[in-house]
Amino acid sequence: MALEERARSCLLRFRHRLEQDIKPSYLMDHMISDGVLTGDEEERVRTQSTRKDQAVALLELLLKKDNRAYISFYNALVKEAYDDLANLLYDDLPNMSQNAHKGNSDSNTSYVQTVLSEGGVPQRPVVFVSRPELVNRVREKLYRLQKDPGWVTVFGMAGSGKSVLAAEAVRHQGLIEECFPGGIHWLSIGQLDKPDLLVKIQSLCFRLEQSLDPQSLHRPPNSLDEAKERMRFLMLRRYPRALLILDDIWDSTVLKVFDIHCRILLTTRNRSLTDSVSGSKFEVEVESGLDENKGLEILALYTGTKLLALPEEARSIVRECKGSPLVVSLIGALLKEKPNRWSYYLRQLRQKQFKRIRKSSSYDYDALDQAMAASIEVLPDEHRELYKDLTVLEKDIKVPAKVLSVLWDLEPEEVEDILEEFVNKSLLFVDSHNKPYQYYLHDLQLDFLVEQNRTQLESLHSKVVHQYQQHYKDGPPTSGDEECRYWIRFLTFHMAKGNLSQAKIMGPAHLINDYVEYGHILDKENSDVRSQFQEFLSLNGHQLEQRPFPDVVQLALSQPRTSEVYRQALLQAQDRASKGKLYFDWLNKSSVESLSRLVIHPHQGSIYSACFSHDGAKIASSGASKTLKVFKSTSGEKLTEIPAHDDEVLCCAFSPDDRLLATCSSDRKVKVWNVERAMLLRVFEEEHEEQVNHCQFTNTARRLLLATCSNDKMMNVKLWNLNKPSSQNTMFGHFEPVNHCCFSPDDTYLSTSSNDGTLKLFQVSSANEWKTINVSDMFAESDEDVLVKCSTWTADGKRVICAAKNAALVFDVETSDMLLEIRTNRLSTVQYCHACPTSNLLALAFSNYAVELWDLEANKKMADCSGHLSWVQRVQFSPDGSQLLSCSYDQTIRLWETKKVHTTSAVCLKRDSDVLFNDEEIIVSAADNCNRLQVRDGRTGSVLFQSEEKPSRIRCTAMCRQPSAVALGQEDGTVQVLEVPSGKILATLEGHTKTVLHCQFCQDGQTLITSSEDTTIRVWRWQSGECKVLQGHKEQVRCFSLLSNSADNTRLLSWSFDGTVKMWDVESGEKLQDIEAHRGAILSCHVSPDGCHFATTSADKTAKLWHCESWQCVHTLSGHLDCVRSCRFSWDSRRLATGDDNGEIRLWGVRDGSLLKICSRDGKDGMDSLHGGWVTDLHFSSDDSLLVSTGGYIKWWDVERGEALQTFYPTGTTLKRIHVSSDFSTFVTIDSIGILYILKRVV
């Protein structure tokens, strides 16, 4: 059936609006479940590069489809809260659904009333709230029975409104006339025995026969078999196109009686019932709860109150029962008779006194507890006991089947079968979007179980812990899957509830470590140990989100040597190392002070906003996950979680008394919440037409106002009085999006920062513009648009500071003069700034992952706060200035102690380094962030030598044993050789015209070789300045290698982004060989220790093996799915390891080029790479049994099995290379935030 013309015209008419606003991925999920979109069609839409292109593709597809697709698209818009767009399509809905929505006139025709009345279909309840989207879905399924018999199952948990929904779906003239002209016949079934079922069918047969011929009298059927045959005859011969509605079916044996090849709609709590019957089957799931507004509407109708006049308890009642239609209706009916009992019934709900909430309606059960108990009573006895065990679950927590497999001591497959039965009977819910599936209870079900088993709670929780100990007696789980995460988060909760330990005093609830590992520490009364353990959890708990799951003992080895956690971990590591397990001690950690006091991992997705409460005790955060969360600032323990918006939450802000929280979102809404009750108080959704970027309350409650700013073109800054439904004032002046707004300390002014390049100050009392500061004028040298990101006021209100491009600018409020300019790294932008309310400090957040503290009086950077792994979006000082928080796209919030950071050295190292291993001595050379070359004692971290700051950036370094010297290459092409430790400049070598990328001394110490971005290699007799230039490459030469088996190291191998490999005679400068090895850039090259082969890897996703004598390609190694970044031969020259940009490592046989192993394949981590990033370096142990690799972190592998043996997680990420001692016991690297790691194998 083609799409009706008016529906098509409607789509074409509003096509532009739809393309601008919809997110197709959200809508297509609903359309696929409705069966109007195929997986292939969805894939074609998803492959489009931008959201708008996807929207265009979806609408193109829709125009080629039928009316059902249009209706499904409309319903999807309603479901995803695109109400304004749905309204555009409403008037042109095709006929079969148009009436469904305009149903009041249609459904109340005398024809419809007569048909339904004759068929025994119940009337609408006295209090009725429409659920058009659900009704439409049921009708759409019923239309599928137009030509052929079949079953439509409406299923959901007790009290979800299935019966009302079924009756409403057939209250529609078009549906009856087109699909069921034979009438609609309703049969209420329930939990019946055979005699009662026979009576029901006798009654139905009598009703059908009377309608045909009132004079005819047939003997009632005497058995179920006879009744089934009589019913079959009547439905197939006399009423061939009638619909039979079976309400509240419990048992498949009952359903089989109606398996007579007719059209049936049934309501049930058990979705799997129709598995036992034949014919086409369709199903509609009824959500367990109404949305908040529908729930309030029911209460308003029952009590005869206007929606806005409902007391505060009304919203709490709807929330407390999660919008259950049954509970809301029961309480509404009770309130109708006793309208002054709002608080009483809310209290009964909160205290789980379900027996007090008794019926005042036609529901089958006297009280709410009976309705829920009825579902459980039909379970087999052994399954009823298992269901009781679910009492221990936390609200809103989803559990994988493996956890219950441990609890029930059953095989995972058996557990999945049992859980499927619970889900089918609507006793449990399943989240099938995750793999493996996760299961959870509705709040009402959990409350009922807790109430039923209150006296057994301690023993039920104890059972969980004992089953865990039994299952993991040989060692804790290390798989890193959801099962493992559950035990980390909740094992100590079960211990506390089971009265098994003092674990409840420990730190953040979601970061508790394994009881079996650390139970003996937890139970000690030593408060120092507890605080050390809590510090370990606070700073490392976010690592537990990694996948595969990290070894906790290895994590604990990074703790300070004085910590009991470290001492216990070292004992464990030594014990396990004696049995062959790998562990690594971080030798120089004492030289690296951990600046962040607490790390919180609150959201799955980027964090856009985080803020302190005014008392400093709480932190609120929001971001891409669409949720608002509140934590304790001392421990990171979660206090509240609210699904706040339909799209990303861009900002959150506390009111001055901390009772309220405001949020704003890409969904264009502003919301105000009661913090303590997690309750929505106000929604402002009409006035902003584009995303709302920022919100802030006034600083004092004397005259409480909320300011918001948005991407609207004109009306983009608004002030709201929470007692009014619309904005109090709109501040005009900006004609481009406004990114940020901020009240002055005394609330006299509001500063606004905009993409138009200005900072404006508005008078709050009048909403008039007071003055404009043209920030873009301060960047006259730049051709790019200047976007002002944010502003902040100093505590005295006399200066206002704004962030734009790579600078923070300080202005005098009275004169608008610029007083100070803080210019930072040209490659990063300032994302946010905040002035400390109690000092002269200014905090800056950067796109290069850094947080900096500046002294505004001295115009001096005081500290770098390193630790974030992605863009930092927000910084804020606590009200007393003692702490600073920062939040980032890396999904973490970090807390810093201001004084500790303020007084700590901000020096960190760059990743281009060189290392000398000399017996027990480890010497490291690297540039620091002040562009000085440092030579350090690796074991102690002490600086042996530090150069003066160089004018050009240091890009590479190399050390020489004899004479004791260090070389450095710079961005301007200069090379210098310095004496160690005096720092005396021994040579300055000039000749390269661009950045020097690599340098290396020859064994004699007299020759230095350098390569450059200028495409040349230079061989220096550095003491005399004599130089040979090796020319021939067409692109930069990032690296080279001296062939160790050549006489006196006279041959050199070089490779380049130009895809060529060349061999040179170092003495003569002659080019000996030149081959075009790859089509893409060559990224690495290595010569086998026996000198027979060399390997190259490339951006063309291949590696190649070459013969050193013939220079012929022996094997092309294909299979990597991304650029092959690194390679290394084993010491016996029989294997080659290659690593790519997807984090995959492959091991190859050199003799035949065969693939021996793929490492990492089964362990993808949260950064969507197998290694946390590119595999940048590889090294074999001297016996070739082990392999170490670097990427986002360091991993050690068993070469034979290709399995990971250990992982070390640095604070930063993106490791460039690792230096390895000859005995494979010591490893040296530097991470992206400049921390040096000297790792020693534990023995």
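- Going by the annotation in an unreviewed UniProt entry, the name recorded for the chain is Apoptotic protease-activating factor 1, with Nibea albiflora given as the source organism.

**Re the pairing of strand β17 (residues 670–674)**
- Taking burial as the measure, the 5 residues of β17 include 5 buried ones, the bulk of the element.
- Burial of β17 is two-sided: the residues V670, V672 and N674 facing one way and the residues K671 and W673 facing the other way are all buried.
- Relative to β17, strand β16 (residues 660–665) is paired through 5 bridges, and the arrangement is antiparallel. Note that in β17 the partner of T663 across the bridge is K671.
- Once β16 ends, the chain turns through 4 residues before running back antiparallel as β17, passing R668 with a positive phi of about 75°.
- Across 5 bridges, the pairing between β17 and strand β18 (residues 679–684) is antiparallel. Considered in β18, the bridge of V670 is made with F684.
- Hairpin remark: β17 followed by β18, antiparallel, with 4 residues in the connecting loop; positive phi at A678, about 55°.

**Digging into helix α12 (residues 162–169)**
- Among the 8 residues in α12, 6 count as buried, and that is most of the element.
- Taken together, the buried positions of α12 are K162, L165, A166, A167, E168 and A169.
- Contacts from the buried residues of α12 go to α11 (132–143), β1 (150–155), α13 (173–179), β2 (184–188) and β4 (263–268).

**Overview of the sheet that holds strand β45 (residues 985–989)**
- Reading across from one edge, β42-β43-β44-β45 is the order of the 4 strands in this open sheet, with antiparallel pairing throughout. Every other strand in the sheet has two partners, leaving β42 (954–960) and β45 as the edge strands with one partner each. Direction aside, the axes of adjacent strands within the sheet are offset by 15° on average.
- As defined by bridge partners, strand β44 (residues 975–979) adjoins β45 across 4 bridges and the pair is classed as antiparallel. Bridging from a neighbouring strand, V977 pairs with A987 of β45.

**Here we look at the state of the cysteines**
- Tallied over the entire structure, the rule returns 0 disulfides.
- With no disulfide of its own, C802 lies 7.1 Å from the sulfur of C833, the closest cysteine sulfur.
- Free of any disulfide, C960 has its nearest neighbouring cysteine sulfur in C1002, separated by 9.8 Å.
- Owing to a relative accessible area of 7%, C960 belongs among the buried residues under this scheme.

**Side note on the packing of aromatic side chains**
- Scanning all chains against the criterion turns up 19 aromatic pairs.
- Ring geometry for F1224 against F1227: centres 5.0 Å apart, planes inclined by 85°, an arrangement best described as edge-to-face. For the pair formed by F1224 and F1227, the shared burial category is buried.
- Taken together, F584, W1196, F1224 and F1227 form an aromatic cluster joined through their ring pairs.

Rules and cut-offs
Residues numbered from 1 in each chain as written. Predicted model: local features only at pLDDT ≥ 70, side-chain atom pairs only at ≥ 80, totals over all residues. Heavy atoms only, no water. Buried < 20%, exposed > 50% of the residue type's maximum accessible area, 1.4 Å probe, protein only. Helix = DSSP H or I, 4+ residues; strand = E, 2+ residues; numbered from the N terminus. Pairing = 2+ DSSP bridges. Contact = heavy atoms within 4.5 Å. Axes fitted to C-alpha atoms, helices over the stretch in contact; angles between N-to-C directions. Disulfide = S-S within 2.5 Å. Phe/Tyr/Trp six-rings, centres within 6.5 Å; stacked < 30°, edge-to-face > 60°.

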